[in-house]
Amino acid sequence: MKKYIKIKIDWLGVTVHVYFVENVVEHRNEILLEKFPKLPKMKYSEAYALHTYTSEYPFDHFITLNEKAHWGVIAHECFHCVKAMLEHNDISDEETTAHMLEYLVAKIQNKLEK
């Protein structure tokens, strides 16, 4: 099963692309690189989840998760995503980070429950 969730964060001008797939590395190195060829190729042979961001696509963040990922893993990758988005915009306060993490996880949860 492959599921895609697109989340726009208008106040930062960012789109978060969330993919639930069977093989995280294969999806990242084949499917995403076709759409976004300037992303760096993953060097790992295995991964259960990952967040990808590059200056080549500063307004697109990619979270790729194994289709069986639990909420702890989802929150972990969301944290990496939030941290990168806020650092890119020179925002470092803890409260904004916490609110953004809550927002992103809740958006994913709401879309998965539909």
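Every chain's residues receive numbers from 1 upward, in the order its sequence appears when written. Two thresholds apply to this predicted model, a pLDDT of at least 70 for residue-level local features and 80 or more for giving and counting side-chain atom pairs, whereas whole-chain, interface and lining totals are computed over all residues. Only hydrogens and water are set aside when side-chain values are computed; all heavy atoms of the structure are taken into account.

S.K.: Please clarify how unusual backbone geometry should be interpreted in this entry.
M.R.: A negative phi angle characterises most non-glycine residues, just as the trans form characterises most peptide bonds. In this model, Asp90 sits at a positive phi of 55°, which is unusual for a non-glycine residue. Mapped onto the elements, Asp90 comes out in the loop between α2 (71-88) and α3 (94-112). Overall, the relative accessible area of 74% leaves Asp90 in the exposed class. By definition, any uninterrupted DSSP run of H or I lasting at least four residues is a helix, any uninterrupted run of E lasting at least two residues is a strand, and each is numbered from the N terminus. Here the term buried applies to any residue with accessible area under 20% of the maximum for its type, exposed to any over 50%, and partly exposed to those in between, with areas from a 1.4 Å probe on protein chains only.

S.K.: Just checking my understanding: could you explain the packing of aromatic side chains for this structure?
M.R.: Each aromatic ring pair is summarised here by two numbers: the centre-to-centre distance and the angle between the ring planes. Any Phe, Tyr or Trp ring, taking Trp's six-membered ring, that has another such ring centre within 6.5 Å forms a pair; planes under 30 degrees apart are called stacked, those over 60 apart edge-to-face, and the others tilted. In total, this model carries three aromatic pairs according to the counting rule given. Pairing Phe36 with Tyr57 gives two aromatic rings, centres 5.2 Å apart and planes at 85°, and the pair type is edge-to-face. Here the residue Phe36 occupies a position in the loop between α1 (24-35) and β3 (49-52), and Tyr57 occupies one in the loop between β3 and β4 (60-66), the gap between them amounting to 21 residues. What links up through ring pairs into an aromatic cluster is the set Phe36, Tyr57 and Phe62.

S.K.: I keep staring at the pairing of β4 and nothing clicks. Help me out?
M.R.: Side-chain positions along a regular strand alternate between the two faces of the sheet. Most of β4 sits inside the fold, with seven of its seven residues counted as buried. What you see with β4 is no split at all: Asp60, Phe62, Thr64 and Asn66 on one side and His61, Ile63 and Leu65 on the other are buried throughout. In short, DSSP must find at least two bridges between two strands for them to pair. In the sheet, strand β2 (residues 14-21) pairs with β4 via seven bridges, with the strands oriented parallel. Looking at β4, one finds that His17 is bridged to Phe62. Taken together, the four bridges between β3 and β4 define a ladder with antiparallel strand orientation. From the neighbouring strand, Thr52 faces β4, where its bridge partner is Phe62.

S.K.: Sorry, what's going on with the pattern of salt bridges here?
M.R.: Any two side chains of opposite charge can pair, given that their charged atoms come close. Salt bridges, as used here, are contacts in which a Lys or Arg side-chain nitrogen is within 4 Å of a carboxyl oxygen on Asp or Glu. Inspection of the entire model under this criterion finds two salt bridges. Between Lys83 and Glu87 there is a salt bridge; the shortest N-O distance is 2.7 Å. Taken as a pair, Lys83 and Glu87 lie in helix α2 at a separation of four residues, close to a single helical turn. Look at Lys83 and you get partly exposed, because its relative accessible area is 39%. For Glu87, a relative accessible area of 47% gives the class partly exposed.

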